[in-house]
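Each chain, written out:
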Amino acid sequence: MSASFVVYIDESGDEGLQGGGASDWFVLSAAVTRKSTDLETVKLVDAVRAQLGRAPHKPLHFRDLRHEHRVPFIDRIARAPLRAVTVLVHKPSILEPEVFRRSHLLYFYSVRHLLERVSWLCREHRREGDGDGTAEVVFSNRSGMSYEELRQYMQLLQGRETSIDWSAIRCDQINAFTGGRRMGLQIADAIASGFFKAVEPSQYGHTEDRYARMLRPIVYHRQRCYQGYGLKFWPREVASALGTPHFRWLKEIYAERRQSLQRVSSL
């Protein structure tokens, strides 16, 4: 049997730990669809291109869009039958940054946190007769990084104690493509970038939380508990920063057990 889910993964921000114009935050997001309806779901990108008057088949890169074009893109995503999982890493709060200076290690560690939550989501939404319960994992291709090394890292984790449900994640179903080849990656890019805008101050010291607020209907949760599931902040020392005015959206929109303000889309 084929996989039950398709997981598209992209990032925003960088892995640099200090200086040189490095961002304070590194954000990694997954957009999860059902494989049986994946093509129909990711075609929302075509609809947004048409709405914005963009050339057919030209990838939509969130960073290249103006705010008034980002809003309808996020709106379409927020109404789609998919789920989003996001890991937000506050690099200044990492207590032992030297540990993560090895090439791509911070990225790999973020992938671990992300796939833990993706595996829980897939486990909870399995349907009898709809695939084998596993996920096809599609990464946005990163230049200079070996995805064979990433697979080896995942295989290493299989022999260690983690919270990944390995009945949902298979190392031989991990692949990498460009956003132009898999439209779902453009959705993951928009989700990651949307949350990045909510946490990373601009050069003028302001954040933009509208996208994060709009995405709430598709963020993975358990009984209205979003943090720790669809939103994972790391490390735990970042908690002191989350109480600042920049994070009012987190308290107002993603507070635990908050009553739904709008219809939550199905997966």
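Provided above is the structure to which this section pertains.
So, here is what we can say about the structure in this document. (Residues numbered from 1 in each chain as written. Predicted model: local features only at pLDDT ≥ 70, side-chain atom pairs only at ≥ 80, totals over all residues. Heavy atoms only, no water.)

### Digging into the overall build of the chain
Looking only at helices and strands, the chain features eight helices and six strands. Of the regular secondary structure in the chain, the N- to C-terminal order runs β-β-α-α-α-β-α-β-α-β-α-α-β-α. Computed over the C-alpha atoms, the radius of gyration of the chain is 18 Å, within 12% of the 18 Å expected from 2.2 N^0.38 for a compact globule of 267 residues. By its C-alpha atoms, the chain is 50 × 45 × 40 Å across when sized along the principal axes. Every one of the 267 residues in the chain was classed for burial, and the buried ones make up 55%. The contacts of the chain with a sequence gap of at least 6 include a subset with a gap of at least 24, amounting to 78%. (Helix = DSSP H or I, 4+ residues; strand = E, 2+ residues; numbered from the N terminus. Rg over C-alpha atoms; globule rule 2.2 N^0.38 Å. Buried < 20%, exposed > 50% of the residue type's maximum accessible area, 1.4 Å probe, protein only. Contact = heavy atoms within 4.5 Å.)

### What about helix H4 (residues 105-124)?
For H4, which comprises 20 residues, the first-to-last C-alpha distance of 29 Å matches the rise-based estimate of 28 Å (1.5 Å per residue) to within 8%. Summarising burial for H4: 17 of the 20 residues are buried, a large majority. (Expected span 1.5 Å × (residues − 1).)

### Side note on the nonpolar core
One finds Ile77, Phe195, Phe233, Trp249 and Tyr254 to be the most contacted residues of the largest nonpolar core, which totals 51 residues. With eleven residues, helix H6 (residues 183-199) is the largest single contributor of residues to this core. Discounting residues that sit within four places of it in the chain, phenylalanine 233 has contacts with Trp25, Leu88, Gln227, Val238, Leu242, Phe247, Trp249 and Leu250. Val111, Leu150, Cys171 and Cys225 belong to the second largest nonpolar core, which has 43 residues in total. (Core = buried A, V, L, I, M, F, W, Y, C linked by side-chain atoms within 4.5 Å.)

### Considering unusual backbone geometry
In the segment running from tryptophan 234 into proline 235, the intervening peptide bond is cis, with an omega of -5°. Note that proline 235 resides in the loop between strand E6 (231-234) and helix H8 (248-253). Located in the positive-phi region is histidine 57, a residue other than glycine, with phi close to 70°. In this structure, histidine 57 sits in the loop between helix H2 (44-52) and helix H3 (67-78). The exposed category is assigned to histidine 57, whose relative accessible area is 69%.

### Focus on the layout of surface pockets
In this structure, the largest pocket spans a volume of roughly 320 Å³. In terms of lining, the largest pocket is formed by 18 residues, of which the most central are Asp10, Glu11, His61, Arg63 and Asp189. Only strand E1 (5-13) and H6 provide two or more residues apiece to the lining of the largest pocket. Element by element, the count of residues in the lining of the largest pocket is highest for H6, at six residues. Here the lining of the largest pocket is built from residues that sort into four nonpolar, seven polar and seven charged. Surrounding the second largest pocket, Tyr109, His113, Arg117, Lys232, Phe233, Trp234, Pro235, Arg236 and Glu237 form its lining. Those elements giving two or more residues to the lining of the second largest pocket turn out to be H4 and E6. (1 Å grid on protein atoms, 1.4 Å probe; cavity = no way out; pocket = protein on both sides within 12 Å on 5 of 7 lines; lining within 4 Å. Points joined across faces, edges and corners; volume = space filled by probe spheres on them. Nonpolar A, V, L, I, M, F, W, Y, C, P; charged D, E, K, R; others polar.)

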